[in-house]
Amino acid sequence: MNRLNGKVAIVTGGASGIGKAMCVAFAREGANVVVADIDEGKAQAAVVEIAAHGKATSIRVDVTDSASTNAMARDIHKQFGRIDILANNVGVRIVKPFLDHSDADWNVMIATNLTGPFLCARAVVPFMKQGGSGRIINTASIASFVGRPNRVAYVSAKAGLLGMTRAMAIDLGGMGITVNALAPGSINSPMNASQATDEENNWGKETPVGRWGTPEDIANAALFLALDESSYITGAELKVDGGWVSTKARAGELD
Ligand SMILES: NC(=O)c1ccc[n+]([C@@H]2O[C@H](COP(=O)([O-])OP(=O)(O)OC[C@H]3O[C@@H](n4cnc5c(N)ncnc54)[C@H](O)[C@@H]3O)[C@@H](O)[C@H]2O)c1
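Description of the structure in this document. Starting from 1, residues in each chain are numbered consecutively following that chain's sequence as written. The predicted nature of this model means local features are confined to residues of pLDDT at least 70 and side-chain atom pairs, given and counted, to a pLDDT of 80 or more, with totals for whole chains, interfaces and linings taken over all residues. As a rule here, side-chain values come from all non-hydrogen atoms in the structure, and water together with hydrogens is ignored.

**Remarks on the environment of Thr 207**
Applicable threshold: Elements are defined by DSSP. Helices are runs of H or I of four residues or more, strands are runs of E of two residues or more, and each kind is numbered from the N terminus. Each residue gets one of three labels from its accessible area relative to the maximum for its type: buried under 20%, exposed over 50%, partly exposed in between, using a 1.4 Å probe on protein chains only. By definition, residues are in contact when any of their heavy atoms lie within 4.5 Å. We call two N or O atoms a polar contact when they sit within 3.5 Å, provided that within protein one can donate a hydrogen and the other can accept it, with sequence-adjacent residues counted only if both atoms are side-chain atoms.
Looking at the secondary structure, you find Thr 207 in the loop between helix 6 (193-196) and helix 7 (215-226). For Thr 207, a relative accessible area of 9% translates into the label buried. Considering only alpha carbons, one finds Thr 207 and Gly 185, 22 residues apart in sequence, at a separation of 9.3 Å. The residues contacting Thr 207, other than those within four sequence positions of it, are Asp 241, Gly 242 and Trp 244. Polar contacts involving the side chain of Thr 207 include one to the main-chain carbonyl oxygen of Gly 204, which spans 2.8 Å.

Next comes the structure, spelled out in structure tokens:
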């Protein structure tokens, strides 16, 4: 299918895991995909993989730096003449006890996971506005909805990202731009490689679906939010977590 034919899609953090799967999903539908990542080598390697499915190129960006995000948007618009889709997918996670979170830990979590999506959106929105439409898809987390242990800064940033999604949906609605959030659960990506490959690990079995999620599970949802068919959805959050956040069973209740 070519449901994104002619469209330009930027995927931040597109060099790895969930972002790379989004790139493949968008490329398969005919989009010109831009892998926007801080790791140039990994981004170029991802382009080679994605090229088997469609059109892809890469650009180096540090989402925490507005000079870098502004240059990214300018360069991509110069190259393609339009920007249609922004998947704000970069995320980093520090896991350590509350009292061990240093100033630097807190600042990098907020800068990357919360300020980053804002800076990328602010950089591309003028070009989307010029084109009369746009799609912004923020990768939030199950940590946007529930407290998670030893992740105070990550949880704070990801919860904030839902608020930002709602506020942006209002501010950008008149420009024809929709803004939505995806909330992945336990996904077998490099971020979780050690847990996902641990035979003793039960995170997948804790979900009603009964398995770990895959990057493709998230990419399928991102694709839906990028298509014309989802044009009446904005300011929304879609959990793609096998039902983990919405369900709780006490010991013995499932027997
Ligand atoms: N994997 C999971 O189980 C899971 C669960 C919930 C939410 N998420 C979220 O999904 C998103 C993707 O996760 P993933 O597991 O695919 O991550 P990943 O670690 O595989 O990939 C993250 C990518 O972001 C890039 N990056 C890091 N800092 C950057 C910066 N400052 N500027 C530009 N690029 C930068 C990295 O180079 C890397 O390619 C993140 O926002 C994460 O918080 C993941």
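**Focus: the site of the ligand**
Here is the rule: The criterion for a residue being near a molecule or strand is simple. One of its heavy atoms has to lie within 4 Å of it. Here the Shrake-Rupley method, with its probe set to 1.4 Å, supplies the accessible areas, and only the displayed protein chains count as covering residues. For this classification, the nonpolar set comprises Ala, Val, Leu, Ile, Met, Phe, Trp, Tyr, Cys and Pro, the charged set comprises Asp, Glu, Lys and Arg, and every other residue, Gly included, is treated as polar.
In the vicinity of the ligand there are 29 residues, among which Ser 16, Asp 37, Tyr 154, Ser 189 and Asn 192 approach most closely. The separation between a nitrogen atom of the ligand and a polar main-chain atom of Val 63 is 3.1 Å. With the chains in place, 92% of the 840 Å² that the ligand exposes on its own is no longer accessible. Secondary-structure elements contributing two or more residues to the shell around the ligand are helix 1 (17-28) and helix 5 (152-173). Looking at the shell around the ligand, its residues break down into 13 nonpolar, 11 polar and five charged.

**Digging into helix 3 (residues 66-80)**
Quick note on the threshold: The span expected for a helix works out to 1.5 Å for each residue beyond the first. Note that the arc is defined by the directions from the helix axis to the C-beta atoms.
Relative to the 21 Å expected for 15 residues at 1.5 Å per residue, helix 3 spans 21 Å between its end C-alpha atoms, a close match to the ideal helical length. For helix 3, every residue scored as buried is listed here: Ser 68, Thr 69, Met 72, Ala 73, Ile 76 and His 77. The buried residues of helix 3 occupy an angular sector of 160° when projected down its axis, which confines them to one face. Those residues of helix 3 that are exposed and angled more than 90 degrees off the buried face are Ala 67, Arg 74 and Lys 78. Of the surrounding secondary structure, the elements contacted by the buried residues of helix 3 are strand 1 (8-12), strand 2 (32-37), strand 3 (55-60) and helix 4 (103-131). Positive phi appears at Gly 81, one or two residues downstream of helix 3, with a value of about 80°.

**Comments concerning the side chain of Lys 158**
To be explicit about the condition: This count recognises Lys and Arg as positive and Asp and Glu as negative, with His and chain-terminal groups excluded. Within this document, salt bridges are pairs made up of a side-chain nitrogen of Lys or Arg and a carboxyl oxygen of Asp or Glu, the two lying within 4 Å of each other.
Following the sequence through the fold, Lys 158 ends up in helix 5. Although Lys 158 lies buried, it forms no salt bridge, and the closest oppositely charged side chain, Asp 37, sits 13 Å away as judged by the N-O distance. In this structure Lys 158 touches Thr 139, Ala 140, Ser 141, Ala 143 and Ser 144, once residues within four positions along its chain are discounted.

**Let's talk about the environment of Asp 62**
By the secondary structure assignment, Asp 62 is in the loop between strand 3 and helix 3. Here Asp 62 falls in the partly exposed class, since its relative accessible area comes to 22%. Taking the C-alpha atoms as reference points, Asp 62 and Ala 123, separated by 61 residues in sequence, lie 13 Å from one another. In terms of polar contacts, Asp 62 uses its side chain to reach the side chain of Thr 64, at 2.8 Å.

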